[in-house]
Amino acid sequence: MQQRDREYITLLLLQYLSEESDAGSPISLVQMQSFLSEHGISADRRPLYRTLDAMEKAGYPLVRVHKNNAYTYYLDHRFSLGEAFVLVDAIRSSSALTTEDKQAFYEKLRDLLSHRERDMLPIVTSVKEKTENRQVLATIGLLINAIASYHLVSFHYYDLTPGKEKKMRRDGAVYTMMPVWLYANDGRYYAVFWSDKYQGLSSYRIDKMDDARMMDAIHDPVRFDPEEWMRKTFHAYTGDADTITAVFDNRMAQQLFDQFGMDIIISHRDQDHFTASIPAAITPTLTAWLLQFGDQVHVLKPHSLIDSMIAIADGIQKNYNSKQEAEHERSRKD
């Protein structure tokens, strides 16, 4: 075997093992020889052993399986099938990525599996596109670089009108702040910024940022505690951190754990209800989350949350009553 052949064989075998081998389908030396033969190369066992040893020494995750007095080999792929499925489903569920971005992610993940595993990976159905912003991934990359180097970032921030057109906030004024952290919530991606103007922190949805640019200006580091920020955040809205005590229907236990984690304090009240103490930020989204469960939840404290829930409930009732009265009046006149 010539030196040129050794180099070519190494590259061919790496590709072959990457695409055709996995823990459930290891490859024998005979199969490798047959594969090389298809490429016009005749290889003895000893040079193949040396090539496989060189792969291991170079750091490739080559696994040897000894069975029936013979060795088979496979490359330990970076992701298992289960891990790949979870990642693909997370990408599919993202509300901040376009269909094209999701498909590109999916293909890259598939390329990290063997052909056999690709065929076994369940097809994850797509969901309706929930963003028109094609800059999300580029903006995330820019923000990560800016955070690492303390650069200021400028951008426009917008909402969509009923006609699905961009309407810039602040009449199109440019936002210029220093990003300090990125996080995900409910399928969306957010950036926390420090503002010199307001001397405080606030979060912005990345898929609502337009024309983001890294500025030349560098800002001094500011104190930021991610855990403290998340304690004051509920569904990306920030508010005053507090401890909420409420009585819940027993059927709500799973939903409570899903939303707030397993560390909340639970005490039994009776056979149908339990009391929970929940550390959470008092925000409009938290109030709405509790209201959706109707009489399955009875908040005991803080009183500010109780007052907020009563005010919202009264407002909803008055709104529907007035609409019904107006509709009744129109019907009477007709």
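In this report, we go over the structure that sits alongside the text. Model, not experiment: these values are computed from the prediction.

### Remarks on a nonpolar patch on the surface
Part 1: Side chains of I312, I316 and Y320 sit close together on the surface and give an oily, nonpolar patch of about 290 Å² of accessible area.
Part 2: Positionally, I312 belongs in helix α11 (residues 303-333).
Part 3: I312 sits in the partly exposed class, given a relative accessible area of 33%.

### Here's the deal with helix α7 (residues 136-149)
Part 1: Over its 14 residues, α7 runs 20 Å from end to end, which matches the ideal 20 Å to within 8%, given 1.5 Å per residue.
Part 2: Taken residue by residue, α7 has V136, T139, I140, L142, L143 and A146 as its buried positions. Buried residues of α7, viewed axially, fall in a sector of 165°; they line one side. In this structure, α7 carries A138 and A148 as exposed residues pointing more than 90 degrees from its buried face.
Part 3: Looking at the buried residues of α7, the elements they touch are β4 (151-160), β6 (175-185), β7 (188-195) and β9 (209-218).

### Some points on the packing of helix α2 (residues 29-38) against helix α3 (residues 45-57)
Part 1: As a packed pair, α2 and α3 sit with axes 11 Å apart at the nearest point and diverge in direction by 100°. Looking at the two axes, α2 sits roughly perpendicular to α3. Across from L29, V30, M32, Q33 and L36 in α2, the residues of α3 making contact are R45, L48, Y49 and L52.
Part 2: Per-class residue counts for the contact of α2 with α3 are seven nonpolar, one polar and one charged.

### What to know about the sheet that holds strand β13 (residues 265-268)
Part 1: On the basis of which strands lie adjacent, the open sheet formed by four strands has the order β13-β14-β12-β15 and antiparallel pairing. The open sheet terminates on both sides in strands that have one partner only, identified here as β13 and β15 (297-301). The average undirected angle you get between the axes of adjacent strands in this sheet is 30°.
Part 2: Summarising the sheet, strand β12 (residues 240-249) and β15 pair through four bridges and their orientation is antiparallel. Of the residues in β15, the one forming a bridge with A246 is V299.
Part 3: Lying over the sheet, helix α9 (residues 253-260) contacts β12, β13 and β14 (273-282), oriented at roughly 20° with respect to β14.
Part 4: Running at roughly 160° to β14, helix α10 (residues 284-291) makes contact with β12, β14 and β15 of the sheet.

### Brief notes about the nonpolar core
Part 1: Ranked by internal contacts, the top residues of the largest apolar core, which has 24 residues, are L143, V153, F155, F193, Y204, I206 and M209.
Part 2: Within the residue set of this core, elements represented by two or more residues are α4 (81-93), α5 (99-111), α7, β4, β6, β7 and β9.
Part 3: What Y204 contacts, discounting residues up to four positions off in sequence, is F155, Y157, R170, Y175, M177, Y189, Y190, A191 and F193.
Part 4: F274, A280, L286 and L305 belong to the second-largest nonpolar core, a separate cluster that totals 20 residues.

### So, the pattern of salt bridges
Part 1: This model, assessed by the stated rule, comprises 13 salt bridges.
Part 2: For K208, the salt bridge goes to D159, with nearest N and O atoms at 2.6 Å. With K208 in the loop between β8 (200-205) and β9 and D159 in strand β4, this residue pair connects regions lying 49 residues apart in the sequence.
Part 3: A relative accessible area of 13% places K208 in the buried class.

### Remarks on the pairing of strand β2 (residues 62-67)
The two faces of the sheet receive side chains in turn, since in a regular strand these alternate between them.
Part 1: Bridge count between β2 and strand β3 (residues 70-75): six bridges; the pairing is antiparallel. Bridge pairing in β3 links H66 to Y71.
Part 2: Hairpin remark: β2 followed by β3, antiparallel, with two residues in the connecting loop; positive phi at N68, about 55°.

Conventions adopted
- Residues numbered from 1 in each chain as written.
- Predicted model: local features only at pLDDT ≥ 70, side-chain atom pairs only at ≥ 80, totals over all residues.
- Heavy atoms only, no water.
- Patch = residues over 30% accessible without salt bridge, like charges linked within 9 Å, V, L, I, M, F, W, Y side chains within 5 Å.
- Areas by Shrake-Rupley, 256 points an atom, 1.4 Å probe, with all protein chains shown as cover.
- Salt bridge = Lys/Arg side-chain N within 4 Å of Asp/Glu carboxyl O.
- Helix = DSSP H or I, 4+ residues; strand = E, 2+ residues; numbered from the N terminus.
- Buried < 20%, exposed > 50% of the residue type's maximum accessible area, 1.4 Å probe, protein only.
- Expected span 1.5 Å × (residues − 1).
- Arc of directions from axis to C-beta.
- Contact = heavy atoms within 4.5 Å.
- Axes fitted to C-alpha atoms, helices over the stretch in contact; angles between N-to-C directions.
- Parallel < 35°, antiparallel > 145°, perpendicular 65-115°, else oblique.
- Nonpolar A, V, L, I, M, F, W, Y, C, P; charged D, E, K, R; others polar.
- Pairing = 2+ DSSP bridges.
- Core = buried A, V, L, I, M, F, W, Y, C linked by side-chain atoms within 4.5 Å.

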